[in-house]
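Here is what each chain is made of, one letter per residue.
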Amino acid sequence: MITHNMRHMTLDGVLPVAIAASPFLVRYTVRDGHVLEVAVAILAPVLAAILRAAIGVHQLDAVTNGKPNITRQILFSMAIVMLLLVEIFVSTLQFAQNEPLSSWFLPAGLFFFYLILIQNALRPDETTQYV
């Protein structure tokens, strides 16, 4: 059975994959050094963060009966920023040449921290009723 919280995490799981794939697609469709590489590496994660913030308002309302407290709002904001950093690092590493495997440890650690933040931010209140 999928809980209300897990549906949101699963839905959000598609967006990071799409953002992570965008530099790969750009790299193989345009020549090296094209301005589109930089635009995708920086703008795509920022646009995804803006989309997450817009969706997040509804997610927070859903798990708190329309009354999210400041702690949840801060946790959710920190999670969005954490995932933004992960996506920027991943995009940058995809365009980088011959980076060691250890370069991926930082975005992996940030992603783990994101999961903790988002789990706590979107934990349903005990009084929330789902249909």
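Residues numbered from 1 in each chain as written. Predicted model: local features only at pLDDT ≥ 70, side-chain atom pairs only at ≥ 80, totals over all residues. Heavy atoms only, no water.

(A) Spotlight on the overall build of the protein. When its secondary structure is counted, the protein shows 4 helices and 0 strands. Secondary structure elements of the protein occur, N-terminal to C-terminal, as α-α-α-α. Considering the protein as a whole, with its 131 residues, one finds that 33% of them fall into the buried category. A fraction of 76% describes how many contacts in the protein between residues 6 or more apart in sequence connect residues 24 or more apart. Surface accessibility of the protein: about 8200 Å² in total, with carbon and sulfur atoms responsible for 72%. (Helix = DSSP H or I, 4+ residues; strand = E, 2+ residues; numbered from the N terminus. Buried < 20%, exposed > 50% of the residue type's maximum accessible area, 1.4 Å probe, protein only. Contact = heavy atoms within 4.5 Å. Areas by Shrake-Rupley, 256 points an atom, 1.4 Å probe, with all protein chains shown as cover.)

(B) Molecular detail of a nonpolar patch on the surface. A cluster of nonpolar side chains, namely Val38, Ile42, Leu43, Val46, Leu47 and Ile50, defines an oily patch on the protein surface of about 550 Å² accessible area. Along the chain, isoleucine 50 turns up in helix 2 (residues 35-63). Judged by its relative accessible area of 54%, isoleucine 50 is exposed. (Patch = residues over 30% accessible without salt bridge, like charges linked within 9 Å, V, L, I, M, F, W, Y side chains within 5 Å. Salt bridge = Lys/Arg side-chain N within 4 Å of Asp/Glu carboxyl O.)

(C) Molecular detail of the nonpolar core. Counting 17 residues, the largest nonpolar core has Phe76, Ala79, Met82, Val86, Tyr114, Ile118 and Leu122 as its most contacted members. Within the residue set of this core, elements represented by two or more residues are helix 2, helix 3 (70-95) and helix 4 (105-121). Ranked by the residues each element gives to this core, the list is headed by helix 3, at 8 residues. (Core = buried A, V, L, I, M, F, W, Y, C linked by side-chain atoms within 4.5 Å.)

(D) Main features of the packing of aromatic side chains. For the coordinates displayed, the defined rule picks out 1 aromatic pair. Ring geometry for phenylalanine 111 against tyrosine 114: centres 5.5 Å apart, planes inclined by 35°, an arrangement best described as tilted. Taken together, the residues span about one helical turn, with phenylalanine 111 and tyrosine 114 both in helix 4 at a distance of 3 residues. (Phe/Tyr/Trp six-rings, centres within 6.5 Å; stacked < 30°, edge-to-face > 60°.)

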